[in-house]
Amino acid sequence: LTDTLALPASLAKPFAVFLPGDVSLSSNAIVDAQWTLAESIAAQAFADGGPLKGKCPTANEEDLCLETFLQTSGALLLRRPLTDAERTKARALFKSSSLMSSDERLSFVLRYLVLSPSFLHVVEKPSAANQTVTPLSGYELATRLSLLLWDASPDAMLLAAAAAGELASPEGRSAQFRRMVASPKHDRFQKRLFETWLHYQDIRSAVKHERYAEFFQPGVADAMVVEAEAFFQRVYEAPSSSFASLFTSRETQIDASLAKIYGLPAPAQPKAVVTLPSETRSGFLSQPWFLASKATQLEGSAVFRGLFLIEKVFCIKLTAPADIPPLSDTDAQAPRTQRERLAIHRKPACAGCHTQIDGIGLGLENFDTVGRFQTHENGVLLTGEGEWTDESGNRRSYRGVGELASLIAASSPARRCFMTHWFDAATHRKPTRNESADFETNVEAFLNDGNMKQLVERYARSASFATRQFHTSGAKP
Amino acid sequence: MKRRTFVFSPVALGLFSPFIRALEARANVLERDSYFITMHKAQHLYTNNNPAHFVPKMEGGRMVLPPDLIAFEGLQAFLTFVVGLDLKVNGGGDWHDCARSLFTGSANAGGRFGKPSNESIEAYVAAKIGLTSGPLAINPYHLADASTSDAYQPCWMRQASGAIVKVTPVADPLTLWNRLFAGFQPSGSTPTSPGSGAQNSVEAARFAARQSLFDSVRDDIQVLRDQVASEHRQQLQAHLDGFRELEKRVIGANGKPNPTMQDMNRVCAVPNQPSSASSRLSPAHWSTSFSPECAAIERRAPCRFSLAMVTTSGSFQVDGGPSLPTRHAALPATTSSTRISSRTTADSLFKSTMPSRRSKC
């Protein structure tokens, strides 16, 4: 909307659209939200100094003015040219009464466009022949591409490419892809990708015991989120756009509050990019947002961290037993470390899951509840040793976060798992049957190159990107 | 929409005991939209979430509100408190999974541990007290509280049928205000109605344009509904239904005010319209603007709301380690362990507490 109508940035709030295949129902709330948006946009667009104020001032040029508005702003709002029926309705609204000013009449046209179901719903229509797999139109492709790369509607250039039929070919889509990923709007995609995958915003709800107040001070959660976003952006935008670097890069952006957690001197500037020591830090696994959100108030949790990585990085679903006993510290010989408590806990009923969970989670035992590196726990030296089962079923030992991160970075199951998260973030659904072959081809390529940006381009170039599979028959006769 | 109100019961706090009883049923009042509002406080481990802050006490048959609910002073007769629920669901799961199983607005449970979810509890309660549940989730991911930290847009509502429906969260204060108050004409003010002269002509033109706008959009939705594949038709039909509801409110507010509101002779304060610039719903805004005067209106005539406070406490299983040695010390026995382990169990709870007779408010 802000792109389309040149409205102030204050209005640039995300507004959800319904995607094809979305199983959700349109609730009253979202219709209300659409109405609120229409009213708000109309009020601001025609306010004094607003971008549409006095747009069609003279009576003898009103018709031309309206047609231009429909061809430009209207097409951008609906992501396609208006149909004849829509034009007729828009004209009728504009001509409704001479008692209202041209601004007010045009505001009703604007409301009509924003309230349009085509504004709210991304529609991919079935073919007249009722094929289950239907080629997308140029405008449908433009919308698919812009939602994928920008989380936004197509711009005028993309609509022009659609009108010219350029998006039907992989080369045409590649040309637009290169233009679009260079835009700042592409940041939205990578932000959404990493947030939906790793939920780094969870750190905002973390609470720590008062003894950590010095490190978990007000605002530090915000700094952690900023660090995460900057880190993921840097890795994603790098020429190699390397999946492995998510786990191995030691470059990160810190402020004074994070420097304290990292045990570094406060940077001279409010924010600074630093390279962390290889002995203690490696990728996001050793970043405070991750470590502190997977922790209790008082200590880092090998279980939370291990379970999170198993589920999110390896896409393994573990089934918990009905009643999980707490980690006991009431045994005759009280354990001094989390590692010792977990060893007791790994009795036969729990060993199945905890061998996997602890095998990864204990590799991060050197990090406390806020993400500081620690060498001892209750006087016991922490080794960070763990055991890892690779894709061939072989048990491999490692020591510390660096070795653990390297194992994950090179892991095929981890890359395959990332592909599923990536596809879900990109499309909000799972691959359809007609996409599965292209998806597998893309997986194979990603296993080899690990390049996250090329992953997106290969998807945009694939044949199935330009089609839509319907599960049922087409439109009503 | 029919509405009933219930009052807190002293026996509600007992283990496996009824927790709601009917207060009064008021007849001869015209039906209007009403909203069943639930609020969720969770994670009772922390100071601000101590039950003493938000669980009322009964003193001499009178409900004494705790500090967190003081804004509702005077409205006790209209509050429904459901307490004593343990968040555990049948078959296990940790706190987060259980929280997801209970509320609209939290993430869809049933995945991680493969256990079926309960019906959304506030939808269940709404149905039990005779309300049609139209979900209004206010829980975008980044604002979610700790217990629903895995919540993600869009949110989810689980129905009795087992169906899971996505609900788009409302994060924008202006949208929420419109949802609750658009078209609401407080008593003591004059409803908008056609007047006379030139001003009236312009108003009439505006009203006609607005009616035309709604006609055009409604027609577009119908056309699109008939063009899409059948698997998407339900989605467009739901949009059409929602749009008709909107039309009723907006057109009604401008041209056909509900005459029953003229019967009201006290002003029920409507909160000030918030700015949409704020990205966060401010609890202060609502708690200070929703005045106890509304209670008086409730007693006399149809008002807008049925209020419910749904609170939860649960055994936070992951806190069992040495990190939180006093974890249950602050929890009174009254909040412990009525376990909703299945819908059947929940049904039996309500059967013993819900009056069988229905009446209009």
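Look a little higher up for the structure.
Residues numbered from 1 in each chain as written. Chains lettered and ligands numbered in written order. Predicted model: local features only at pLDDT ≥ 70, side-chain atom pairs only at ≥ 80, totals over all residues. Heavy atoms only, no water.

(A) Quick look at the overall build of chain A. Regarding its fold elements, chain A presents 21 helices and 8 strands. Residue burial in chain A is summarised as follows: out of 477 residues, 56% are buried. For chain A, contacts bridging at least 24 residues in sequence account for 66% of all contacts bridging at least 6. About 19700 Å² of surface is accessible on chain A, with carbon and sulfur atoms providing 54% of the total. (Helix = DSSP H or I, 4+ residues; strand = E, 2+ residues; numbered from the N terminus. Buried < 20%, exposed > 50% of the residue type's maximum accessible area, 1.4 Å probe, protein only. Contact = heavy atoms within 4.5 Å. Areas by Shrake-Rupley, 256 points an atom, 1.4 Å probe, with all protein chains shown as cover.)

(B) Structural context of the packing of aromatic side chains. Residue and element names in this part refer to chain A. Under the criterion given, the structure shown has 30 aromatic pairs over all chains. Where F247 meets F284, the ring centres are 5.2 Å apart and the plane angle is 50°; that geometry is what we call tilted. Taken together, the residues F247 in helix α12 (residues 245-248) and F284 in the loop between β3 (272-275) and α14 (288-293) connect sequence positions 37 residues apart. Note on F284: relative accessible area 0%, which makes it buried. Over the aromatic face of F108 sits the side chain of R111, whose NZ or CZ is 4.9 Å from the ring centroid. The ring of F216 carries the charged tip of K208 above its face, separated from the ring centre by 5.9 Å. (Phe/Tyr/Trp six-rings, centres within 6.5 Å; stacked < 30°, edge-to-face > 60°. Lys NZ or Arg CZ within 6 Å of the ring centre and 35° of its normal.)

(C) Geometry of helix α8 (residues 156-163) of chain A. Residue and element names in this part refer to chain A. Within α8, burial applies to L158, L159, A161 and A162. Along the axis of α8, the buried positions cluster into a sector of 155°, meaning they face one direction only. Away from the buried face of α8 by more than 90 degrees, exposed residues M157 and A163 are located. Of the surrounding elements, those touching the buried residues of α8 are α3 (62-78), α7 (138-150) and α9 (170-181). (Arc of directions from axis to C-beta.)

(D) Expanded view of the pattern of salt bridges. Considering all chains together, one arrives at 31 salt bridges over all chains under this definition. The partner of D220 of chain B in a salt bridge is K89 of chain A, with the nearest N and O atoms 2.4 Å apart. With one member in each of two chains, D220 of chain B in helix α4 (residues 197-227) and K89 of chain A in helix α4 (residues 84-94) form a pair that bridges those chains. The pair D220 of chain B / K89 of chain A is uniform in exposure class, with both members buried. Where R461 of chain A meets E171 of chain A, a salt bridge forms, and the shortest distance between an N and an O atom there is 4.0 Å. Linking R461 of chain A in helix α21 (residues 452-461) with E171 of chain A in helix α9, this pair joins segments that are 290 residues apart in sequence. (Salt bridge = Lys/Arg side-chain N within 4 Å of Asp/Glu carboxyl O.)

(E) The arrangement of the state of the cysteines in detail. All names here are of chain A. Evaluated as defined, the whole model comprises 2 disulfides over all chains. Each disulfide pairs two cysteine sulfurs, and for C56 the partner residue is C65, the sulfurs being separated by 1.8 Å. Taking the torsion about the sulfur-sulfur bond, which here is approximately -70°, the covalent link between C56 and C65 counts as left-handed. Across the pair, C65 and C56 agree in class, each one buried. Sequential numbering of the bridged cysteines in chain A gives the disulfide pattern 1-2, 3-4. (Disulfide = S-S within 2.5 Å.)

(F) Main features of unusual backbone geometry. Residue and element names in this part refer to chain A. Not every positive phi belongs to a glycine, and R79 is a case in point at roughly 65°. Summarising the element assignment, R79 is placed in the loop between α3 and α4. R79 gets classed as buried once you look at its relative accessible area, which sits at 6%. Positive phi outside glycine occurs at H199, with the angle close to 55°. You can see H199 is positioned in the loop between α10 (187-198) and α11 (220-237). On the basis of relative accessible area, H199 is assigned to the buried category, the value being 10%.

(G) Local environment of the side chain of S282 of chain A. All names here are of chain A. Following the sequence through the fold, S282 ends up in the loop between β3 and α14. For S282, the side chain forms a polar contact with the main-chain oxygen of F247, separated by 2.8 Å. When residues no more than four places from it in sequence are discounted, the contact partners of S282 are F247, T248, S249, R250, V401, G402 and A405. (Polar contact = N/O pair within 3.5 Å; in protein donor to acceptor, adjacent residues only side chain to side chain.)

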